[in-house]
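Chain and residue survey
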Amino acid sequence: MASLNVGNLGEYLREQRRNAQLSLRQLADAAGVSNPYLSQIERGLRKPSAEILQQLAKALRISAETLYVQAGILDEREREELETRAVILADPSINERQKQVLLQIYESFRKENATDAEADAVTDAPAGDSDAGTPPSQ
């Protein structure tokens, strides 16, 4: 788990609060936290828990995962994966079996691409000292 980057999180929260046209007090009330505590978070003085971030996200009508990324709790790629899964699971136009099949296909593609990326990294790596005794080709 990454360390919290509280300063950037506070700035981001303030920006989101202002975009939502909420006062500090209104957001604090909506999220169920105290006004001074929210002020301290926004100023980078406090490190909110994942639960508090979730309450703030709900009050701001943004994804909790976005705040987790800002706080350094969650990696950007993990957030994208979670959001993709959530969209599939929330789709009312497909049934539960179809959702599970889609998730399995999605996961297999992710694994395949990760394996391909690892293989590419190995073949693209610069040659080590093993070529030290051979002259460069012309």
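You'll find the structure just up there.
An account of the accompanying structure is given in this report. (Residues numbered from 1 in each chain as written. Predicted model: local features only at pLDDT ≥ 70, side-chain atom pairs only at ≥ 80, totals over all residues. Heavy atoms only, no water.)

What follows deals with a nonpolar patch on the surface. A cluster of nonpolar side chains, Val 101, Ile 105 and Phe 109, forms an exposed patch at the surface whose accessible area comes to about 250 Å². By secondary structure assignment, the location of Phe 109 is in helix α7 (residues 96-124). (Patch = residues over 30% accessible without salt bridge, like charges linked within 9 Å, V, L, I, M, F, W, Y side chains within 5 Å. Areas by Shrake-Rupley, 256 points an atom, 1.4 Å probe, with all protein chains shown as cover. Salt bridge = Lys/Arg side-chain N within 4 Å of Asp/Glu carboxyl O. Helix = DSSP H or I, 4+ residues; strand = E, 2+ residues; numbered from the N terminus.)

Turning to the packing of helix α2 (residues 24-31) against helix α4 (residues 50-60), a few remarks are in order. Packing of α2 against α4 leaves a shortest axis separation of 8 Å and a crossing angle of 115°. Crossing handedness for the pair α2 and α4: right-handed. When α2 is examined against α4, the residues Leu 27, Ala 30 and Ala 31 are found in contact with a partner set consisting of Gln 55, Leu 56, Ala 59 and Leu 60. Residues of the contact of α2 with α4, tallied by class, amount to 6 nonpolar, 1 polar and no charged. (Axes fitted to C-alpha atoms, helices over the stretch in contact; angles between N-to-C directions. Left-handed = near helix turned anticlockwise from the far one by under 90°. Contact = heavy atoms within 4.5 Å. Nonpolar A, V, L, I, M, F, W, Y, C, P; charged D, E, K, R; others polar.)

Next up on the list: unusual backbone geometry. The phi dihedral of Gln 21 falls on the positive side, at around 55°, and the residue is not glycine. Looking at where Gln 21 falls in the secondary structure, it is placed in the loop between α1 (6-19) and α2. Residue class for Gln 21 comes out exposed when judged on its relative accessible area of 70%. Within the chain, Arg 61 stands out as a residue other than glycine whose phi angle is a positive 60°. When you line up the elements, Arg 61 lands in the loop between α4 and α5 (64-71). Taking the relative accessible area as the measure of exposure, Arg 61 reaches 78% and is therefore exposed. (Buried < 20%, exposed > 50% of the residue type's maximum accessible area, 1.4 Å probe, protein only.)

Here we come to the pattern of salt bridges. For the structure shown, the criterion picks out 6 salt bridges. Where Lys 99 meets Glu 96, a salt bridge forms, and the shortest distance between an N and an O atom there is 3.3 Å. Of this pair, Lys 99 and Glu 96 both sit in helix α7, 3 residues apart, which is roughly one turn of that helix. Using a relative accessible area of 6% as the deciding quantity, one classes Lys 99 as buried.

On to the environment of Pro 36. One can find Pro 36 in helix α3 (residues 35-42). Sequence separation between Pro 36 and Leu 24 is 12 residues; the distance between their C-alpha atoms is 9.1 Å.

A few words now on α3. Those residues of α3 not exposed but buried are Tyr 37, Leu 38, Ser 39, Ile 41 and Glu 42. The N-capping residue of α3, defined by a side-chain oxygen 3.1 Å from the backbone nitrogen of Tyr 37, is Ser 34. Just beyond α3, the residue with positive phi is Gly 44, at close to 80°. (Polar contact = N/O pair within 3.5 Å; in protein donor to acceptor, adjacent residues only side chain to side chain.)

At a minimum axis distance of 9 Å, the contact between α2 and α3 shows a crossing angle of 110°. Considered as vectors, α2 and α3 are oriented roughly perpendicular to each other. Side by side, α2 and α3 meet where Leu 24, Arg 25, Leu 27 and Ala 28 of the first sit next to Asn 35, Leu 38, Ser 39 and Glu 42 of the second. Within the contact of α2 with α3, the residues separate by chemical class into 4 nonpolar, 2 polar and 2 charged. (Parallel < 35°, antiparallel > 145°, perpendicular 65-115°, else oblique.)

Counting through the fold element by element, Glu 81 comes out in helix α6 (residues 76-90). Once residues lying within four places of it in the same chain are set aside, the contact partners of Glu 81 are Tyr 106, Glu 107 and Arg 110.

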